[in-house]
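# Coordinates in review
Now for the letters of each chain:
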Amino acid sequence: MNNELTSKSIFFGTLLGILLGAILGAGTGAISGRWDGVFTAAIIGAVSGAVTGALTGMLVVRTAGTTGGVSAGAYSGMAFGAFLGLIFGIFIPETFRQSVLALDVLILNVIFSGRFEAAILISFLLSVLATAVGAWVGGRNLKPRDVENLKAKH
C-alpha cells in the first residue's frame, strides 16, 4: 500500500480512537457512580483509544487496503482489539485494581475481582473500539470499482 494511505489511516484511526475511547471510558467509569471515576476512565479510554486507533488504522491498511471495505476493516479491528485488550489487561497495575475494589460497588467488585476478569473487560472494550475504528477506516479507504470499464473488457 502507498505511504500516504497508511499515514492518513493512522491519523484518522488515532482521532477516532481518542473520541470513541473517551466515550467508552466515560461510560465504563459511570459504573462507579462518581465523577472522578468517569473522568479518570475517560482519560484512560482516550489514551488507550489513541494507541488502539493508530495500530488498527495501520493494520486495516495492510489487511483491507483499498478493496476490503467496511467488513474487512471491522473484522481486522475486532480480532486485533481483543488481542491488544488482553495484553493491556494483563498489565493493569495491582494498585489500580485495589483502588477500584475500595469503591465497594458490587459490579466493580465482580469485574475487578481478579486479573483475568479485568483483562477480559479490557479485551472486550478494546475489541468494540477497534471494530468501530476498523470499519470506519476500511470504509473510508475503499475505492469504488469502475463498473463501466469492467463491462467493456468482458
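Before reading further, recall that the structure is shown in the block above.
My aim in this report is to walk through the structure given alongside it, one point at a time. All values derive from a computational prediction rather than experimental measurement.

## Points about the overall build of the protein
Helix and strand content of the protein: 7 helices and 0 strands. The secondary structure elements of the protein, listed N-terminal to C-terminal, are α-α-α-α-α-α-α. Across its three principal axes, the protein shows a C-alpha extent of roughly 70 × 25 × 25 Å. Classification of the 154 residues of the protein by burial places 40% in the buried group. Within the protein, contacts between residues separated by at least 24 positions form 74% of all contacts whose residues are at least 6 apart in sequence. By element, 71% of the accessible surface of the protein is carried by carbon and sulfur atoms, the whole surface being about 8,800 Å².

## Structural notes on the pattern of salt bridges
As enumerated under the stated definition, the model contains 4 salt bridges in all. R34 serves as the salt-bridge partner of D36, at 3.0 Å between the closest nitrogen and oxygen. Judged by relative accessible area, which is 41%, D36 ranks as partly exposed. Through salt bridges that share partners, E94, R97 and R115 make up one connected network.

## Digging into the side chain of S48
Tracing the backbone through its elements, the reader meets S48 in helix α2 (residues 35–63). A distance of 3.4 Å separates a polar side-chain atom of S48 from the backbone oxygen of G45. Beyond its immediate sequence surroundings of up to four residues, S48 is in contact with F88 and L126.

## Some points on a nonpolar patch on the surface
A contiguous nonpolar surface patch, about 440 Å² in accessible area, is contributed by F83, I87, I90 and F91. Following the sequence through the fold, F91 ends up in the loop between α3 (69–90) and α4 (94–102).

Reading the values: rules and limits
- Residues numbered from 1 in each chain as written.
- Predicted model: local features only at pLDDT ≥ 70, side-chain atom pairs only at ≥ 80, totals over all residues.
- Heavy atoms only, no water.
- Helix = DSSP H or I, 4+ residues; strand = E, 2+ residues; numbered from the N terminus.
- Buried < 20%, exposed > 50% of the residue type's maximum accessible area, 1.4 Å probe, protein only.
- Contact = heavy atoms within 4.5 Å.
- Areas by Shrake-Rupley, 256 points an atom, 1.4 Å probe, with all protein chains shown as cover.
- Salt bridge = Lys/Arg side-chain N within 4 Å of Asp/Glu carboxyl O.
- Polar contact = N/O pair within 3.5 Å; in protein donor to acceptor, adjacent residues only side chain to side chain.
- Patch = residues over 30% accessible without salt bridge, like charges linked within 9 Å, V, L, I, M, F, W, Y side chains within 5 Å.

Remember that the coordinates give geometry; whether it matters functionally is a separate question.
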